[in-house]
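Remarks on the overall topology
Listed below are the residues making up each chain.
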Amino acid sequence: MDDVKFLMDDFFVRHVNLAHLRLQISEASNALSDCFTHAGKLLVCGNGGSAADSGHIVGELMKGFFKKRPLPESWKKRFTEQFSDTGKKLADTLQMPLPAIALGSQLPLASAFSNDVNANMEYAQEAFAYAQEGDILLGISTSGNSENICHAVRAAKVKKARTICLTGRGGGQLAGLCDISIISPEQETYRIQEDHLAIYHLLCRAVELHFFTK
């Protein structure tokens with residue numbers, strides 16, 4: 001799409017330090033668009049600041065980011081037919097989502113599995129439960145060596161989901177595990193996270209542009 005190309009061109013003018021990642025970022029954007037086109041979902045996981053980034057990504061995808069996402073008339077009709085005036089209010093308020101889940105956000109499950117079984121494999125447990133063929137798992141680790149993120153990727157791959165990672169410091173183990181690896185050239189954690197924020201905002205905008213033109 002021309003709009004997506006323009007978005008990418010503008011991004012790399014502003015982020016010259018990431019220009020060498022254009023191919024990987026474009027591949028990730030295309031993979032996400034393909035995933036959502038075929039009714040797949042995105043699973044995201046990270047630790048600490050990267051866990052916050054996971055939730056941030058979900059927030060950008062599950063509702064309008066830059067674009068309005070009104071329900072198509074076919075969905076509005078279903079709401080109105082089943083729930084009359086209340087259904088119309090729902091249909092006029094709800095937005096079209098791009099389905100995404102931040103792993104670890106179910107605190108009772110996360111704390112129970114971490115306490116009763118193995119904290120390093122809690123994300124893997126969720127990935128194994130949620131992931132299906134056609135889905136994508138996005139693992140975020142500034143070092144690329146977060147053991148629990150690597151385990152989540154392994155579980156997702158066993159379930160035949162595609163895997164993408166955002167890393168830094170050369171990529172670590174995670175880069176070797178994932179189908180698409182986007183590696184920040186920075187070495188300091190906060191600078192890697194700054195790159196990650198810019199990259200995932202770009203991905204969210206590109207995917208939204210793919211599906212919502214207004």
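Bear in mind that the values here come from a model prediction, so they are computed numbers and not experimental data.

Conventions we followed
Residues numbered from 1 in each chain as written. Predicted model: local features only at pLDDT ≥ 70, side-chain atom pairs only at ≥ 80, totals over all residues. Heavy atoms only, no water. Helix = DSSP H or I, 4+ residues; strand = E, 2+ residues; numbered from the N terminus. Rg over C-alpha atoms; globule rule 2.2 N^0.38 Å. Buried < 20%, exposed > 50% of the residue type's maximum accessible area, 1.4 Å probe, protein only. Contact = heavy atoms within 4.5 Å. Areas by Shrake-Rupley, 256 points an atom, 1.4 Å probe, with all protein chains shown as cover. Lys, Arg positive; Asp, Glu negative; His and termini not counted. Charge placed at Lys NZ, Arg CZ, Asp CG, Glu CD. Axes fitted to C-alpha atoms, helices over the stretch in contact; angles between N-to-C directions. Parallel < 35°, antiparallel > 145°, perpendicular 65-115°, else oblique. Left-handed = near helix turned anticlockwise from the far one by under 90°. Nonpolar A, V, L, I, M, F, W, Y, C, P; charged D, E, K, R; others polar. Pairing = 2+ DSSP bridges. Right-handed = clockwise from strand over helix to strand, strands pointing away. Core = buried A, V, L, I, M, F, W, Y, C linked by side-chain atoms within 4.5 Å. Phe/Tyr/Trp six-rings, centres within 6.5 Å; stacked < 30°, edge-to-face > 60°. UniProt positions renumbered as here; feature names shortened; annotations may be inferred.

**A look at the overall build of the protein chain**
- Looking only at helices and strands, the protein chain has nine helices and five strands in total.
- For the protein chain, the succession of helices and strands along the chain, N to C, is α-α-β-α-α-β-α-α-β-α-β-α-β-α.
- The C-alpha radius of gyration of the protein chain comes to 18 Å, within 12% of the 17 Å expected for a compact globule of 214 residues.
- Expressed as lengths along the three principal axes of its C-alpha atoms, the size of the protein chain is roughly 55 × 50 × 30 Å.
- In the protein chain, which comprises 214 residues, the proportion classed as buried is 44%.
- For the protein chain, contacts bridging at least 24 residues in sequence account for 69% of all contacts bridging at least 6.
- Accessible area for the protein chain stands at about 11000 Å²; split by element, carbon and sulfur atoms hold 55% of it.
- On the protein chain, the mean spot of the 22 positive side-chain charges and the mean spot of the 24 negative ones are 5 Å from each other.

**Considering the packing of helix 1 (residues 2–14) against helix 9 (residues 189–211)**
- Running from amino to carboxyl end, helix 1 crosses helix 9 at an angle of 165 degrees, the nearest separation of the two axes being 9 Å. Between helix 1 and helix 9, the crossing angle belongs to the class labelled roughly antiparallel. For the element pair helix 1 and helix 9, the recorded crossing hand is right-handed. Residues Asp3, Val4, Leu7, Met8 and Phe11 of helix 1 lie in contact with helix 9, whose contacting residues are Ala198, Ile199, Leu202, Arg205, Ala206 and Leu209.
- Counted by class, the contact of helix 1 with helix 9 contains nine nonpolar, no polar and two charged residues.

**Focus: the pairing of strand 5 (residues 180–183)**
- As paired elements, strand 4 (residues 162–167) and strand 5 share four bridges and run parallel to each other. Looking at strand 5, one finds that Ile164 is bridged to Ile180.
- In this fold, strand 4 hands off to helix 8 (residues 172–177), which returns the chain to strand 5; that crossover is right-handed.

**What to know about the nonpolar core**
- Judged by nonpolar contacts, the single largest core of 38 residues is most densely connected at Ile25, Leu42, Ile57, Ile182 and Ile199.
- The element contributing the most residues to this core is helix 9, with nine residues.
- Among residues more than four places away in sequence, those in contact with Ile199 are Phe11, Leu18, Leu21, Ile25, Leu166 and Ile182.
- Ranked by size, the runner-up nonpolar core spans 18 residues in total, among them Ala131, Ile149, Cys150 and Cys165.

**Considerations on unusual backbone geometry**
- Located in the positive-phi region is Ser84, a residue other than glycine, with phi close to 45 degrees.
- By secondary structure assignment, the location of Ser84 is in helix 4 (residues 73–93).
- On the basis of relative accessibility, which here comes to 45%, the residue Ser84 falls in the partly exposed class.
- Positive phi is not limited to glycine here, since Lys160 has a value of about 70 degrees.
- If you trace the backbone, Lys160 turns up in the loop between helix 7 (147–158) and strand 4.
- The exposed category is assigned to Lys160, whose relative accessible area is 58%.

**Looking at the packing of aromatic side chains**
- In total, this model carries four aromatic pairs according to the counting rule given.
- Aromatic side chains Phe36 and Phe211 sit 6.5 Å apart centroid to centroid with 75 degrees between the ring planes, which places their arrangement in the edge-to-face category. Separated by 175 residues along the polypeptide, Phe36 in helix 2 (residues 22–37) and Phe211 in helix 9 bring together distant segments of the chain.
- Taking relative accessible area as the criterion, Phe211 reaches 29% and is therefore assigned partly exposed.
- Following the ring pairs from residue to residue traces out a cluster consisting of Phe36, Phe211 and Phe212.

**Section: the side chain of Thr163**
- Within the secondary structure, Thr163 sits in strand 4.
- If we skip the residues at most four places from it in the chain, Thr163 touches Leu137, Val153, Ala156, Lys157, Leu177, Cys178, Asp179 and Ile180.

**A few points about the UniProt feature "domain: SIS" (unreviewed entry) in the protein chain**
- The sites that UniProt annotates as "domain: SIS" (unreviewed entry) are residues 32–213.
- End C-alpha to end C-alpha, residues 32–213 measures 17 Å, and it is 56% helix and 13% strand.

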